[in-house]
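Listed below, chain by chain, are the residues.
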Amino acid sequence: MTDLGATSGCGVVCAREAPPKFPSMCITSDRQLPPSKRCFAPPALLHILHPSYRWCALPLLLDGRRKHPATHQADEGQRAAALHLPHPSKQSPCTHAHMSAVQRIRGAFAVPRKGETYELRAGLVSQYAYERKEAIQRTIQSMTLGKDVSALFPDVLKNIATADLDQKKLVYLYLMNYAKSHPDLCILAVNTFVQDSEDPNPLVRALAIRTMGCIRVDKMVDYMEDPLRKTLKDESPYVRKTAAICVAKLFDLNPSMCLENGFLETLQEMIGDSNPMVVANSVSALAEIMEAAPETNALQVTPQTLKKMLMALNECTEWGRITILECLADYTGADVKESEHICERVAPQFQHANPSVVLSAVKVVFLHMRNVGGDLYRSYLKKMAPPLVTLVSSQPEVQYVALRNIDLLLQKNPDILTKEMRVFFCKYNDPPYLKLQKVEIMVRIANDKNVEQLLAELKEYAMEVDMDFCRRAVKAIGQVAIKIESATEKCVNVLLDLIASKVHYVVQEAIVVMKDIFRKYPGYEGVIPTLCQCIDELDEPNARAALIWIVGEYAEKISNAGDILAGFVEGFNEEFTQILTAVVKLFLKRPDQSQGLVQKVLQAATAENDNPDIRDRAYIYWRLLSSDPGVTRSIVLSERPPIATTISTLKPGLLDELVTELSTLASVYHKPPNMFLGQGRFDADAVQRAAIEEQQQNARENPIAAAAAAAAVSGAAVPPGNNIENLLDIDFDGAAPASAQNPPSAGMSGLEGMAGTPQRVESPAPGQAQGAANELADIFGSSNGAAGGAPTMQPQQPNLMNDDLMNGFASLNVGGARQPPPVAQQLEQDPWGSSNGQGSSSANKKEDSLLDLM
Amino acid sequence: MPVAASAIYFLNLRGDVLINRLYRDDVGGNMVDAFRMHIMQTKELGTCPVRQIGGCSFFYMRISNVYIVIVVSSNANVACAFKFVVEAVALFKSYFGGAFDEDAIRNNFVLIYELLDEIMDFGYPQNLSPEILKLYITQEGVRSPFSSKPTDKPVPNATLQVTGAVGWRREGLVYKKNEVFLDIVESVNLLMSSKGSVLRCDVTGKILMKCFLSGMPDLKLGLNDKIGLEKESQLKSRPTKSGKTIELDDVTFHQCVNLTRFNSEKTVSFVPPDGEFELMKYRITEGVNLPFRVLPTIKELGRTRMEVNVKVKSVFGAKMFALGVVIKIPVPKQTAKTSFQVTSGRAKYNAAIDCLVWKIRKFPGQTEPTMSAEVELISTMAEKKSWTRPPIQMEFQVPMFTASGLRVRFLKVWEKSGYNTVEWVRYITKAGSYEIRC
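Residues numbered from 1 in each chain as written. Chains lettered and ligands numbered in written order. Predicted model: local features only at pLDDT ≥ 70, side-chain atom pairs only at ≥ 80, totals over all residues. Heavy atoms only, no water.

- Going by an unreviewed UniProt entry, chain B carries the name MHD domain-containing protein and comes from Carpinus fangiana.
- Under the UniProt heading Sequence similarities (unreviewed entry), the note attached to chain B is "Belongs to the adaptor complexes medium subunit family." (UniProt positions renumbered as here; feature names shortened; annotations may be inferred.)

- Naming follows an unreviewed UniProt entry, where chain A appears as Beta-adaptin-like protein of Carpinus fangiana.

Here's what the structure looks like:
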């Protein structure tokens, strides 16, 4: 028995004279220990004990009154007889002295004398071991069902000291669950824990230290120090590996104590343990401490530790391997040679049966091979392909994670899996989430060699039953058409076949896709009549808008364009912007036919429409048309820049970050970890940092937008700590800013706010936005001069750029001050192609109409 | 970090909690309510196995009539978490003797709690190997030597096992007869277009091993795979023997196999666990011998009649035969009446899965039985959409045949006592997802 009083820091007075055998121990000991060791604290001592000690005493007394110690040794047959014997402790003065206290406590835990809790209590204090065990089991069962059985705490606790390991585990389980609600009573269990941590059986020692760490009560922490120190040096590796994790538990609860006692140093030494599992758990614990408190420098990979980890890698369990691999992935090699060495040692893990080990190994090699030379790099890239393919045959959920990760790897290295297209063909019984993800990957892999195979497959999918999947397949056909020029004609033919199927959602999606094909390749006007035949079936704004755009764009080639558009004018609502532009285009191309129509539409748009964007746009058209048709023509009908791709891709900066997060949640969500982790860690500073990084990123890619942003920033000093996003909609009219909700929800980008806020063009742009507005005017002027297409924009980024301009035009005061939004928003809006199907194509439409304007 | 699961829940299909175990206190107790509200009771269920609600993420998996949900609040390793659940279920199954469902959980909840305590600590997976856990977590419960003398041997031994260098094998095993059974089980995955061209075809094979060997034997396995043979002939500077060699696309091994050695020497050497285990898995896409060809013709005669003709050709050796052949031909939901003519086996209409099911118990090689069926449909109200035909599916087993042509060349056993072992090898090819579009 240990003298805990000394270490606990309370009840010191008595601890020196007489070691306070924990009273809880006494209950235990009166059953388990020989009589000589049975020791009761003298009543006088109880008074000077810390209040928590006094608590400990009470159950003992209750217990003592009820039971005869002999019954515990006696076999079942003798029990009945023994029951009537007087109990020695009844004569004990302490019982009488504390009778009133006992009554009080009993009152506190009083429960009805009938019902389940009463029965359980009766069982828990039964004289028969089997009844007690059964009652504990039933208590746990009730606990699982969500019933509150915390009232039984003292009664369950009495069963803690038992030779039956099963029963002990159940009591421990109960303790872990309700410790929070009864922190004081938990102390009762301390002595048993301490004693168990010195048990000859390593299983018991490990169980004790494991459970102690799970009882997350401050008072318990005080007693953990000693057992933890001993178990960390235990002879049994099983105990050591449990103790290693326990350090992480303790650190979570009380970091300073962990540091003071040098547990971190002990853990660091344990990386060199002879047992691989101890190594793995020590690394886990250190990694966790490191993440919680980077200033501790808990996990420093040195050449020595690296060597030890690589040694343990081959020997430990699959889970241990993952731990070590994760740690290696976070480590940046000191030089090329070290990176080479790591790759060499980790690559064999590609052959492990556990897919998550494989994925972690891929991550390590992928990160470290960047430092090694060309040939070796290519050979590892090649080695990586077969294991990645094998991942696709694991359980659907694991497969899903693998596919999301493969998606990332493909964005980074597009040609690693070009030969493996067939593996990603969807099986009929695949869950929908897998099918969608597989299509995504197939489109990325597609090249001119395998495109035919892919198209046949996609066509097959487009005829399946699941609507979302069919749409995705149709969209994929469009993406392939735009990605691979040589296959466009085949794609168009497949799309025409699908349109002929008359399945309404397939037809609508196909029309949206056709519109994108028109935006890239000329020469497919021949299919327009076929598209126009479907007019009556189009009930989605997206598809209607796409068709209207096509009609407007090719009005000169469609003899009845006027009639078609007139038909749409009747029911216009969501796609009104499109109709407006299309009618103006029609008028410019065939003024004779459509004068009436254009007047009617402009009239309706300026007089009847509630949407300020549409009103303003209509006014602009109107004024342009009435001033000089030639200028109007050059603005509205100017040439469009062809689109580069409709496949969504992540920003290079974000992609690089996500590659380091392979196989974690971030790689599944395709978001950086700080975007989805708990609110507590999601602070404004992080958002700010991300925004600034994003801005720098932009500066590299897109000089014009960055210039505009920089102008805005220099004009308006951002108060520190203020959300940078407020710049997005500087409010001149005194209306509430659109981004008043702070931080914005993921689905909403600042843009939407701007589009919806009624802001007038006439508003003067004062002070801070002035520079930006000028900047914008410059941009506008230059692109206008260069016949429409913004000449400086890079092919990858036209969407974002046009978007900027468009907003600038729609509400000048806002567009100029546009700031690159935080990553979240970028994510939401940038990959227009696929991240949000509905929103994306309407956004594209906006872009077009903007170009029409110019 | 590997997983760092905050909590694990077992729910039944209605969302009642069967088992819950909190590993960390960074998630509230109401997490399971969030799951119930936002995932189980919405259409979200089944759309994605990873979902974020608030600051927490939920990973869930359905196994028979139970949902297993893991809640995390950190950027956890998802692949590892799912694999952990898969392994845990396998472990529970081996304890329950097969079934894992709501009843089994309710009946064994004490055991499950005990196992959950052992296989995960503070959200980090620990040892999940059933062979080892069974040493010290027994159904009846191990008696602690609390009151007995500290010189208690067997249990401390068990903990050495839990963490030992050869963590998967006990020392001191003795068998009267030393035997090894090898089963090579291949499943053929096929996707064939209606025109008979192969869209996708691969074989996933596994080598199952059952060991009854004394002591600590060292085993070495040789297959007729290309890389292994080349390496061997290199080492022995002797030309490769003629004969069929197989190119394995990828192999994965049980953790007992020394991966570094495989990587450098291309030999499969290992100290096997006792009893049954899966030694390796492999994948082959080139040179697959398809055991069956299916030639379907389905004609829709007007709106109410269909004619289905299916010919199945077995292309393996005439002396071999396939067992348990089942061919499922999908028909529309509104099927009313069917009539069959078969040259072999029996056929019937199964309304539950909307399929014509044709079963042939014993199917000899080099034969081609046919089935022709007439299907009458109820003419329903004008359905705009035509019936989209799901693929024909096929099940079979062909003993002593490997679709890949893989053979075991040798299995060497070394043990310091130098006993003789008897090795048994069996081959079987099964259908994986064997689909033919029609």
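**Observations concerning the overall build of chain B**
Thinking step 1. Across its full length, chain B holds eight helices and 23 strands.
Thinking step 2. For chain B, buried positions account for 53% of its 438 residues.
Thinking step 3. Counting only contacts in chain B whose residues sit at least 6 apart along the sequence, the fraction spanning at least 24 positions is 70%.
Thinking step 4. About 19,500 Å² of surface is accessible on chain B, with carbon and sulfur atoms providing 51% of the total. (Helix = DSSP H or I, 4+ residues; strand = E, 2+ residues; numbered from the N terminus. Buried < 20%, exposed > 50% of the residue type's maximum accessible area, 1.4 Å probe, protein only. Contact = heavy atoms within 4.5 Å. Areas by Shrake-Rupley, 256 points an atom, 1.4 Å probe, with all protein chains shown as cover.)

**A closer look at the packing of aromatic side chains**
Thinking step 1. The full count for this structure, using the stated rule, is 28 aromatic pairs over all chains.
Thinking step 2. Seen from their ring centres, A:Phe518 and A:Tyr554 are 5.2 Å apart, and the 50° between their planes marks the pair as tilted. Within this pair, whereas A:Phe518 is found in helix α32 (residues 504-520), its partner A:Tyr554 is found in the loop between α34 (541-553) and α35 (561-570), the two being separated by 36 residues in sequence. The pair formed by A:Phe518 and A:Tyr554 is uniform in burial state, with each residue classed as buried.
Thinking step 3. Grouped by ring-pair contacts, the aromatic residues B:Phe292, B:Phe316, B:Phe363, B:Phe396, B:Phe401 and B:Tyr434 constitute a single cluster. (Phe/Tyr/Trp six-rings, centres within 6.5 Å; stacked < 30°, edge-to-face > 60°.)

**With respect to the sheet that holds strand β1 (residues 7-12) of chain B**
Residue and element names in this part refer to chain B.
Thinking step 1. Here five strands make up an open sheet; going across it, the order is β2-β1-β5-β4-β3 and the pairing antiparallel. Two strands lie at the open edges of the sheet, namely β2 (17-22) and β3 (50-53), each paired on one side alone. Recorded for the sheet is a direction-independent mean angle of 20° between the axes of neighbouring strands.
Thinking step 2. Direction of pairing for β1 relative to strand β5 (residues 66-72): antiparallel, over a ladder of six bridges. Across the sheet, residue Tyr9 finds its bridge partner in β5, namely Val69.
Thinking step 3. The strands touched by helix α1 (residues 31-40) within the sheet are β1, β2, β3, β4 (56-63) and β5, with β4 carrying the most contacts at an inclination of about 70°. (Pairing = 2+ DSSP bridges. Axes fitted to C-alpha atoms, helices over the stretch in contact; angles between N-to-C directions.)

**Examining the nonpolar core**
Thinking step 1. The biggest cluster of nonpolar side chains holds 278 residues, and the ones touching the most others in it are A:Leu175, A:Phe424, A:Phe518, B:Phe10 and B:Phe100.
Thinking step 2. Per-element accounting of this core gives the leading share, 14 residues, to helix α2 (residues 78-96) of chain B.
Thinking step 3. Those residues in contact with B:Phe10 that sit more than four places away from it in its chain are B:Asp16, B:Val17, B:Leu18, B:Ile19, B:Val66, B:Tyr67, B:Ile68, B:Phe92, B:Phe100, B:Ile105 and B:Leu116.
Thinking step 4. Judged by nonpolar contacts, the second largest core, of 69 residues, contains B:Leu259, B:Phe262, B:Val325 and B:Tyr419. (Core = buried A, V, L, I, M, F, W, Y, C linked by side-chain atoms within 4.5 Å.)

**Here's the deal with the sheet that holds strand β17 (residues 335-342) of chain B**
Residues and elements named next belong to chain B.
Thinking step 1. With antiparallel pairing, the four strands of this open sheet are ordered in space as β14-β15-β20-β17. The open sheet is flanked by β14 (292-301) and β17, the only strands paired with a single partner. Here the strands of the sheet are splayed against their neighbours by 15° on average, with no regard to which way each runs.

**Quick look at the interface of chain B and chain A**
Thinking step 1. Taken together, the contacts link 93 residues of chain B with 105 residues of chain A.
Thinking step 2. Counting each side, the surface lost to burial between chain B and chain A is near 8,500 Å², with a carbon and sulfur contribution of 56%.
Thinking step 3. Where chain B packs against chain A, one counts seven salt bridges.
Thinking step 4. In this structure, A:Glu460 and B:Arg437 form a salt bridge, with 3.8 Å as the shortest nitrogen-oxygen distance. (Buried area = accessible area lost by both parts, 1.4 Å probe. Salt bridge = Lys/Arg side-chain N within 4 Å of Asp/Glu carboxyl O.)

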